[in-house]
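# Tertiary structure, described
Residues per chain are reported as follows:
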Amino acid sequence: ATGFSCTPLQAADGSLQLSGSAVASVKSSADARALLSRVLAKRATEATAANATSSRSHMVLTLAIGDDGDNNAAAGSLTLVDCAGSEWSADSSAHNAKRRQEGAEINTSLHALKQCVRAHARRAAGDRSVRMPFRDSLLTRMLAPSFDESRCRLAVIGCVSPASASTEHTVST
């Protein structure tokens, strides 16, 4: 689990390794909650025009579940992703250059994720000619195994607001 800045490194086998990420073993739900609390405390947040505690980074948490009995390898895994909110230019017009650049990077990775979800849906519907655009962002490269439709299930949950002032954001989500 990681909630802080990580440096991506490509391993010799082509996999993506994250320098600065953490691996922890938990034995109970209380251990898992404590770990998640520590990770969330390190997550970068800052006030924006749209949200008082806007996430300024994505968070990826992969839970390895069980073992196969032989070599302690996980029998399965669950990957949870909490994406930073998208940045609309109208919401970020008062931001400094660093924050605008950060917002642009967030939007780029969210767009790449959207393209991968769309490609996954088309491939699951039988269109095998669709290219899966993993390399378009660090986030989608990290999540590449989650888009393997032969062994994975994908669910997307969007947070929306009932407030009329948030209608445009809600429809976009």
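Residues numbered from 1 in each chain as written. Predicted model: local features only at pLDDT ≥ 70, side-chain atom pairs only at ≥ 80, totals over all residues. Heavy atoms only, no water.

## Points about the overall build of the protein chain
Scanning the protein chain for helices and strands turns up 4 helices and 6 strands. The order of α-helices and β-strands along the protein chain, N terminus first, is β-β-α-β-β-β-β-α-α-α. In the protein chain, buried positions account for 23% of the 173 residues. For the protein chain, contacts bridging at least 24 residues in sequence account for 43% of all contacts bridging at least 6. Total accessible area on the protein chain is roughly 11,600 Å²; 53% of this is exposed by carbon and sulfur atoms. (Helix = DSSP H or I, 4+ residues; strand = E, 2+ residues; numbered from the N terminus. Buried < 20%, exposed > 50% of the residue type's maximum accessible area, 1.4 Å probe, protein only. Contact = heavy atoms within 4.5 Å. Areas by Shrake-Rupley, 256 points an atom, 1.4 Å probe, with all protein chains shown as cover.)

## Notes on the packing of aromatic side chains
Under the definition given, this model contains 1 aromatic pair. Pairing Phe-134 with Phe-147 gives two aromatic rings, centres 6.0 Å apart and planes at 45 degrees, and the pair type is tilted. Note that Phe-134 is positioned in the loop between helix H2 (97-124) and helix H3 (138-142) and Phe-147 in the loop between H3 and helix H4 (167-172), a separation of 13 residues in sequence. Among the residues examined, Phe-134 registers a relative accessible area of 23% and is labelled partly exposed. (Phe/Tyr/Trp six-rings, centres within 6.5 Å; stacked < 30°, edge-to-face > 60°.)

## With respect to the pattern of salt bridges
Inspection of the entire model under this criterion finds 1 salt bridge. Salt-bridge contacts for Asp-127 lead to Arg-122; the nearest nitrogen and oxygen are separated by 2.9 Å. Residue class for Asp-127 comes out partly exposed when judged on its relative accessible area of 26%. With relative accessibility at 46%, the residue Arg-122 sits in the partly exposed group. (Salt bridge = Lys/Arg side-chain N within 4 Å of Asp/Glu carboxyl O.)

## Side note on the nonpolar core
Formed by Val-60, Leu-113, Cys-116, Ala-119, Val-130, Met-132, Leu-139, Leu-143 and Phe-147, the largest nonpolar core amounts to 9 residues. Among the elements that line this core, the one with the most residues is H2, at 3 residues. Not counting residues up to four positions away in its chain, the partners in contact with Met-132 are Cys-116, Ala-119, His-120, Arg-123 and Phe-147. (Core = buried A, V, L, I, M, F, W, Y, C linked by side-chain atoms within 4.5 Å.)

## Observations concerning the side chain of Ser-109
Position of Ser-109 relative to the elements: it lies in helix H2. The exposure class of Ser-109 is buried, given its relative accessible area of 8%.

## Considerations on H2
Here H2 is 28 residues long and its end C-alpha atoms lie 41 Å apart, about the 40 Å a rise of 1.5 Å per residue gives. For H2, the elements touching its buried residues are strand E3 (45-46), strand E4 (54-55) and H3. Looking one or two residues past H2, Gly-126 carries a phi angle of roughly 110 degrees, positive in sign. (Expected span 1.5 Å × (residues − 1).)

## Digging into a nonpolar patch on the surface
Taken together, Leu-63, Ile-65, Leu-78 and Leu-80 make up a surface patch of nonpolar side chains, about 320 Å² in accessible area. Listing elements by their share of the nonpolar patch, those giving two or more residues are strand E5 (59-65) and strand E6 (76-82). Looking at the secondary structure, you find Leu-78 in strand E6. (Patch = residues over 30% accessible without salt bridge, like charges linked within 9 Å, V, L, I, M, F, W, Y side chains within 5 Å.)

## Some words on the side chain of Ser-137
Examined against the element boundaries, Ser-137 turns out to sit in the loop between H2 and H3. Classification of Ser-137 by relative accessible area gives buried; the value is 8%. Residue contacts for Ser-137: discarding those within four places in its chain leaves Ser-109 and Ala-112.

Any link to function would need more than the numbers given here.
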